[in-house]
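# Examination of the molecular architecture
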Amino acid sequence: MPDLQTKPKFRWYIVVFLAPAVLVYTAVMIYPLFNTLRLSLFTEIGQERVFVGLQNFRTLFGDTVWSTQFWNALGNNFWFFIVHMLVQNPIGVALAAILSHPKLRFASFYRSAIFIPTILSFVIVGFAWKLILSPIWGIAPGMLDAVGLKSLYAPWLGKEAYALTALSLVSVWQFVGIPMMLIYAALLSIPDEILEAAEVEGITGFAAFWKIKLPLILPSIGIISILTFVANFNAFDLIYAAQGALAGPDFSTDILGTFMYRTFFGFQLQLGDPHMGSTIASAMFAIILVGVCLYLFGIQSRMRRYQF
Amino acid sequence: MNSARQNPFSTYAAHGALILYTLIALFPVFVIVINSFKTRKAIFREPLAMPNSDSFSLIGYETVLKQGDFFLYFQNSMIVTVGSLFFILLFGAMAAFALAEYRFKGNMIMGLYLALGIMIPIRIGTVAILEMMVQTGLVNTLWALILVYTAQGLPLAVFILSEFMRQVSDDLKNAGRIDGLSEYRIFFRLVLPLVRPAMATVAVFNMIPIWNDLWFPLILAPAEEVKTLTLGSQVFIGQFVTDWNAVLSALSLAILPVMALYVIFSRQLIRGITSGAVK
């Protein structure tokens, strides 16, 4: 680096290279983010923006009309996340483990096909499943009938007790490809020598997976978990596409994203309120921040990384 | 691994599991597409049958093409996606080059600052973004979407591209400097062509989420003439919810472009993910 000259010229080109990205990123992402946090401290009284401190948060957590909605959305959101962690990620790991068998034929065909739902938009996925599960069309009841389980059928998306779980499973169906791909990549990067050494010791098949491969891919599972967490806690599109902004039936599928949208944008007779919307956004920001910090300081720093 | 370890039973089980899951993954798409080519009666009578000469009908597609402005929506989605990718790649590569190539005060901090956005979703700032777009008159323009997606894509792009730029040989760049090339020329002529595979990976990662996004088109650009395909099909389906032919055809038409993109770019996408670009 030519920094040793007595008085280095100011290197304008560094500014030129950095400026566009930093400007766009700051102006459209970072500034609005903080501005949203700031707006949560204001409210509108007679066309004017008035500073009210933490009043909005007091309303959100203290006023029962708001707090029941908020806790309902938060609880639903946690359930949404738990279903992803319990169903999506284990299926993803299992598929990746099967796919990473070196002699498996058609592996790339399976891989591409299983990834297809991930590339479809929420609108397509939401409506397609809504039609398939609908009692009017009769595909789901018809198929259950064919295996003699017709009694199990219920209009899942229309029942409060099942709607959220059904939508979570639709979302799992859509995104299973992502953990599958990431774990597949991690499994491929395990060197053969390690597996061969295990084989010499008599550890093969399932035992090799549990004792050798799984510990080695734990860091990837950690990354997938935090990606799932962030994606789930700002999810919106699927619920909106399938159930509308009211996240029916009777708000049973309401999550933080739809709650914020309704509050901020208004629905039916209720007017939109940007300040309460910002308050909910700030709460979401806090939740995501806590999750990311827990991951970075609690999990990732303790996890052993193996260098091959 | 050698073949002695794989007994035929476990191979069958593996194929069985994969075929089962592939069917689960493809079944809904298959059902939607085959039924979009059937008459209304046939859709309900035998939803799982392939269309035949009796049940074949294009009535749904006719409704869609007559009622919805799908070519306009498609064009809007194209402009937004291509425009955003262009700026993500150009600005992202420039910033990545500055961070990877030069040592200067604040390099680390700038890198961390840009990396913040990888984990924090831009949607959190929606209220203020909308307010800003209203004030600058950008609301209901495609520029609003392009700006938002560019900002959203930059953090990961800078992160991935700077990893790759560190691997470009110093000798090459220094040879360029000795030949009197300016830093700009070194970047555009020498470095950019060498990181093209990484740029392709970044492009493919960003393409699908931008194309499929519903949130920002809904909030920033809901007007008819700037609707994207995703929002357009959402609104169309909402209006025609009882016209099953039209809904199924609209869904099939919305699937088509993404599938085409996927077929073209799937190798790039899968190579990008499995090469560890996101680790």
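Computed from a prediction, not measured in an experiment: that's the story for all the values here.

### Digging into the overall build of chain A
- Secondary structure assignment for chain A yields 13 helices and 4 strands.
- Relative to the 2.2 N^0.38 estimate, which gives 19 Å for 308 residues, the radius of gyration of chain A is 25 Å and therefore markedly larger than a compact globule would have.
- Taking the principal axes of its C-alpha atoms as reference, chain A extends roughly 85 × 80 × 30 Å.
- Counting only residues that meet the buried cut, chain A has 39% of its 308 residues in that class.
- Taking as baseline every contact in chain A between residues at least 6 positions apart, the subset at least 24 positions apart corresponds to 66%.

### Details of the overall build of chain B
- Per the secondary structure count, chain B includes 13 helices and 0 strands.
- Seen along its three principal axes, the alpha-carbon backbone of chain B occupies a region of about 75 × 70 × 35 Å.
- By residue count, 45% of the 279 residues in chain B fall in the buried class.
- Partitioning the intrachain contacts of chain B with sequence separation of at least 6 by distance along the chain shows that 76% fall at a separation of at least 24.

### Description of the UniProt feature "transmembrane region" (unreviewed entry) in chain B
All names here are of chain B.
- The UniProt entry lists residues 12-34, 78-100, 112-130, 142-165, 186-208 and 246-265 under the feature "transmembrane region" (unreviewed entry), expressed in the numbering used here.
- With 100% helix and 0% strand, the stretch residues 78-100 has end C-alpha atoms that lie 32 Å from each other.
- Structurally, residues 142-165 is divided into 100% helix and 0% strand, and its ends, taken at the C-alpha atoms, are 31 Å apart.

### A word on the domain arrangement of chain B
Residues and elements named next belong to chain B.
- Split into domains, chain B comes out as domain 1 (3-57) and domain 2 (67-274).
- Its C-alpha centre places domain 1 at a distance of 33 Å from the equivalent point of domain 2.
- Elements represented by at least two residues in the side of domain 1 that touches domain 2 include exactly helix H1 (8-36) and helix H2 (40-45).
- Residue contributions to the side of domain 1 that touches domain 2 peak at 5 residues, all from H1.

### As for H1 of chain B
- Here H1 of chain B is 29 residues long and its end C-alpha atoms lie 41 Å apart, about the 42 Å a rise of 1.5 Å per residue gives.
- Along H1 of chain B, the positions that sit buried rather than exposed are Ala14, Leu18, Ala25, Pro28, Ile32, Asn35 and Ser36 of chain B.

### Digging into the nonpolar core
Residues and elements named next belong to chain B.
- Formed by 164 residues in total, the largest nonpolar core has its most connected members in Ala95, Val148 and Leu161.
- Considering every element that reaches this core, the biggest residue donor is helix H7 (residues 142-165), with 17 residues.
- Residue-level mapping places this core at the junction of two domains, with at least three residues from each of domain 1 (3-57) and domain 2 (67-274).
- In contact with Leu161, other than residues within four places in its own chain, are Gly92, Ala93, Ala96, Val195, Ala198 and Val202.

### A few points about the interface of chain A and chain B
- On the chain B side, the residues contacting the 67 residues of chain A number 69 residues.
- Looking at the side of chain A that touches chain B, the elements with two or more residues in it are helix H1 (12-39), helix H3 (64-99), helix H4 (107-119), helix H5 (122-133), helix H8 (177-188), helix H9 (192-200), helix H11 (237-243) and helix H13 (274-300) of chain A.
- With 16 residues, the top contributor of residues to the side of chain A that touches chain B is H1 of chain A.
- Here the residues of the side of chain A that touches chain B sort into 52 nonpolar, 10 polar and 5 charged.

### Comments concerning the confidence of the model for chain B
Residues and elements named next belong to chain B.
- Overall, the prediction assigns chain B a mean pLDDT of 88, with 95% of residues at 70 or greater.
- No element of chain B has a lower mean pLDDT than helix H13 (residues 244-274), which averages 83, and none a higher one than helix H4 (residues 70-101), which averages 95.
- If you check the scores for this complex, the pTM reads 0.89 and the ipTM reads 0.87.

### Brief notes about the pairing of strand S2 (residues 48-51) of chain A
- As judged from the 4 bridges shared by strand S1 (residues 42-45) of chain A and S2 of chain A, these two strands associate in the antiparallel manner. When the sheet's bridge partners are listed, Thr43 of chain A is paired in S2 of chain A with Val50 of chain A.

### Side note on the UniProt feature "transmembrane region" (unreviewed entry) in chain A
- According to UniProt, the positions carrying the feature "transmembrane region" (unreviewed entry) are residues 12-34, 78-100, 112-132, 161-187, 216-236 and 279-298 of chain A.
- Secondary structure within residues 279-298 of chain A divides into 100% helix and 0% strand; the distance between the first and last C-alpha atoms comes to 27 Å.

### Examining the UniProt feature "domain: ABC transmembrane type-1" (unreviewed entry) in chain A
- If you check UniProt for "domain: ABC transmembrane type-1" (unreviewed entry), the listed places come out as residues 74-297 of chain A in our numbering.
- Between the first and last C-alpha atoms of residues 74-297 of chain A the distance is 24 Å; the span itself is 74% helix and 2% strand.

### A word on the UniProt feature "domain: ABC transmembrane type-1" (unreviewed entry) in chain B
- Those residues carrying the UniProt feature "domain: ABC transmembrane type-1" (unreviewed entry) are residues 74-265 of chain B in this numbering.
- Across residues 74-265 of chain B one finds 79% helix and 0% strand; the C-alpha atoms that close the span lie 19 Å apart.

### Re the environment of Leu167 of chain A
All names here are of chain A.
- For Leu167, the position within the fold is in helix H7 (residues 160-175).
- You can call Leu167 buried: it has 28 C-beta atoms within 10 Å.
- Once residues lying within four places of it in the same chain are set aside, the contact partners of Leu167 are Leu238, Ile239, Ala242 and Thr253.

### Brief notes about the confidence of the model for chain A
- Confidence along chain A averages 88 in pLDDT terms, with 95% of residues attaining 70 or more.
- The secondary structure element of chain A with the lowest average pLDDT is strand S4 (residues 270-271) of chain A, at 80, and the one with the highest is H1 of chain A, at 95.

### A word on the packing of H8 of chain A against helix H10 (residues 205-233) of chain A
Residues and elements named next belong to chain A.
- Interaxial distance between H8 and H10 falls to 9 Å at its minimum, and their mutual angle equals 140 degrees. At the point where H8 passes H10, the crossing takes the right-handed sense. Residues Pro179, Leu182, Ile183, Ala186 and Leu187 of H8 lie in contact with H10, whose contacting residues are Lys213, Ile217, Ser220, Ile223 and Ile224.

### Remarks on the environment of Gly53 of chain A
Residue and element names in this part refer to chain A.
- Residue position: Gly53 is located in the loop between S2 and helix H2 (55-62).
- Judged by C-beta crowding, with 10 C-beta atoms within 10 Å, Gly53 ranks as exposed.
- Spatially, the C-alpha atoms of Gly53 and Thr43 are 9.2 Å apart, while their sequence positions differ by 10 residues.

### Regarding the packing of H4 of chain B against helix H10 (residues 196-212) of chain B
Residue and element names in this part refer to chain B.
- Put simply, H4 and H10 touch, their axes get as near as 10 Å, and they point 145 degrees apart. Relative to H10, the crossing made by H4 is right-handed. Between H4 and H10, the residues in contact are Ser77, Val80, Thr81, Ser84, Leu85, Ile88, Leu89, Gly92 and Ala93 and Met199, Val202, Ala203, Asn206, Met207, Ile210 and Trp211, respectively.

### Observations concerning the environment of Phe259 of chain A
All names here are of chain A.
- Note that Phe259 resides in helix H12 (residues 256-265).
- Along the primary structure Phe259 and Pro219 are separated by 40 residues, whereas in three dimensions their C-alpha atoms are 33 Å apart.
- Excluding its chain neighbours within four sequence positions, the residues that come into contact with Phe259 are Gln69, Phe70, Ala73, Asp254 and Ile280.

### Re unusual backbone geometry
- Although it is not a glycine, Phe106 of chain A sits at a positive phi angle of roughly 60 degrees.
- For Phe106 of chain A, the location among the structural elements is in the loop between H3 and H4.
- Look at Asn140 of chain B: it is not a glycine, yet its phi comes out positive at around 60 degrees.
- Positionally, Asn140 of chain B belongs in the loop between helix H6 (126-135) and H7.

Procedures and definitions
- Residues numbered from 1 in each chain as written.
- Chains lettered and ligands numbered in written order.
- Predicted model: local features only at pLDDT ≥ 70, side-chain atom pairs only at ≥ 80, totals over all residues.
- Helix = DSSP H or I, 4+ residues; strand = E, 2+ residues; numbered from the N terminus.
- Rg over C-alpha atoms; globule rule 2.2 N^0.38 Å.
- Buried ≥ 20, exposed ≤ 12 C-beta atoms within 10 Å, placed from the backbone.
- Contact = placed C-beta atoms within 7 Å.
- UniProt positions renumbered as here; feature names shortened; annotations may be inferred.
- Domains from an automatic or database assignment.
- Expected span 1.5 Å × (residues − 1).
- Core = buried A, V, L, I, M, F, W, Y, C linked by C-beta atoms within 7 Å.
- Nonpolar A, V, L, I, M, F, W, Y, C, P; charged D, E, K, R; others polar.
- pLDDT = per-residue confidence, 0-100.
- Pairing = 2+ DSSP bridges.
- Axes fitted to C-alpha atoms, helices over the stretch in contact; angles between N-to-C directions.
- Left-handed = near helix turned anticlockwise from the far one by under 90°.

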